[in-house]
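What follows is the residue order along each chain.
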Amino acid sequence: MRKCRAEGAPRVSAMFRSAVDIQPACLGLYCGRTVLSVNGSVETYGDCGVCPRGQRTDDNKICRECTGSPDRYDWLYLGFMAMLPLVLHWFFIEWYSGKKSSSALLQHVTALFECSVAAIVTLLVSDPVGSLHIRSCRVKKLSDWYTMLYNPSPDYITTVHCTHEAVYPLYTIVFIYYAFCLVLMMLLRPLLVKKIACGLGKSDRFKSIYAALYFFPILTVLQAVGGGLLYYAFPYIILVLSLVTLAVYMSASEVEVLGNRLNANRILCLFFKSFKDLLVRKKRLVVLFSHWLLHAYGIISISKLDKLEQDLPLLALVPAPALFYLVTAKYTEPSRILSEGGNGH
């Protein structure tokens, strides 16, 4: 009898474990069972439903806590989303400050300070709190960003809501960062602009701040709706936009381009003169290097620097767009096109 009991105990434990294992699987792509308690190697699970924040389902439809760290590509994505409000701040400050205003530089520095402090505070309040390191769930596919689209309806009437942040915290951390950016801007920028923007009219002083009140909601909606698409496309967006804006800026700044004569010495002389014209003017130099940094950021984001010996040489292409513009802009000069059209060419 004792032998039967001794043999029966493992059987009961095995039957319990098998009963847990064969319970019906959760429907839907992101529904899971939360772990209610752990007794040794035996776990007790709850009903199928939404996973708590900071957890996502594993292959067995069990909600597991996210214990990993963002990889290099995740940090590059967060850096891109952090750069968007900063670049827009700088653009509108430059747009509304006027050519003779001496306050633009201080406003640029203030915008950089606001975004930097907002980024640091955002990391500090994220889990684990008080640390610049964050824990995250690994992004597996595009649908991880849109779990609300995958709530199952077993009877085609009742919907089981399993919407949660499967890409924790890459989705919500951007909203937190934008909120801190907005708060810091409203606390610091109006006082600064009121004190130093004396060269502008009263109606023009705060236009860069008003512009931010428009583009922050736009960025928020963009992240809410297109966060997953931006995650996969942002390296190419950086490259395309930086190339277009560089070409527009250089053409609008009337940078001297190469002449029409094909004499090799003259072409070489004018090329260095055009390049020197870019370097001598400080403002143009800052814009040029800013675009080069964006080019490098886009290249690094695409390559991910997985193989340094193959990816690092790609950074040599960073100055190529500016050099290409200086060499080829002469062929699209409006005066040249009009003169050739008038001559019947």
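In what follows, the structure referred to is the one given above.
Residues numbered from 1 in each chain as written. Predicted model: local features only at pLDDT ≥ 70, side-chain atom pairs only at ≥ 80, totals over all residues. Heavy atoms only, no water.

A. Representation of the nonpolar core in the model. Grouped together as the largest cluster of nonpolar side chains are 39 residues, with contacts concentrated most on Tyr77, Trp145 and Phe234. Secondary structure elements with two or more residues in this core: α2 (72-97), α3 (104-125), α4 (172-196) and α5 (207-252). At 10 residues, α5 tops the list of elements feeding residues into this core. Contact partners of Trp145, with chain neighbours within four places excluded, come to Tyr77, Val139, Val167, Leu170, Tyr171, Gln223, Gly227, Gly228 and Tyr231. One finds Leu246, Ala296, Ile299 and Ala329 within the second-largest nonpolar core, a separate group that totals 11 residues. (Core = buried A, V, L, I, M, F, W, Y, C linked by side-chain atoms within 4.5 Å. Buried < 20%, exposed > 50% of the residue type's maximum accessible area, 1.4 Å probe, protein only. Helix = DSSP H or I, 4+ residues; strand = E, 2+ residues; numbered from the N terminus. Contact = heavy atoms within 4.5 Å.)

B. Fine view of the environment of Tyr249. Within the secondary structure, Tyr249 is located in helix α5. When the C-alpha positions of Tyr249 and Val287 are compared, they lie 8.6 Å apart, and in sequence the two are 38 residues distant. Ignoring anything within four residues of it in the chain, the contact list for Tyr249 reads Lys283, Arg284 and Val287.

C. Region of the structure containing α2. A rise of 1.5 Å per residue sets the reference length of α2, with its 26 residues, at 38 Å; its end C-alpha atoms lie 37 Å apart and thus fit the reference within 8%. Taking the largest bend as the criterion, α2 deviates by roughly 25°, centred on Met83, and proline Pro85 comes between one and four positions later. The residue sitting at the N-terminus of α2 and contributing the capping side-chain oxygen is Asp71; that oxygen lies 3.3 Å from the backbone nitrogen of Tyr73. (Expected span 1.5 Å × (residues − 1). Bend = angle between axes of the 7 residues up to and from the residue. Polar contact = N/O pair within 3.5 Å; in protein donor to acceptor, adjacent residues only side chain to side chain.)

D. Spotlight on the pairing of strand β2 (residues 42-49). Sheet topology note: the strand β1 (residues 32-39)/β2 ladder contains 6 bridges and is antiparallel. Following the sheet pairing, Asn39 is matched in β2 by Val42. From the end of β1 to the start of β2, which pair antiparallel, there are 2 residues, and Gly40 there has a positive phi angle of about 70°. (Pairing = 2+ DSSP bridges.)

E. Representation of the pattern of salt bridges in the model. Within the structure shown, the criterion is met by 7 salt bridges. Note that Asp144 is salt-bridged to Arg56, the shortest N-O span being 3.3 Å. Taken together, the positions of Asp144 in the loop between α3 and α4 and Arg56 in strand β3 (residues 55-57) put the pair 88 residues apart, joining distant regions of the chain. Residue Asp144 is classed as buried on the basis of its relative accessible area of 1%. A relative accessible area of 10% places Arg56 in the buried class. In this structure, Arg135 and Glu65 form a salt bridge, with 3.5 Å as the shortest nitrogen-oxygen distance. One end of the pair, Arg135, is in the loop between α3 and α4; the other, Glu65, is in strand β4 (residues 63-65), and 70 residues separate them in sequence. (Salt bridge = Lys/Arg side-chain N within 4 Å of Asp/Glu carboxyl O.)

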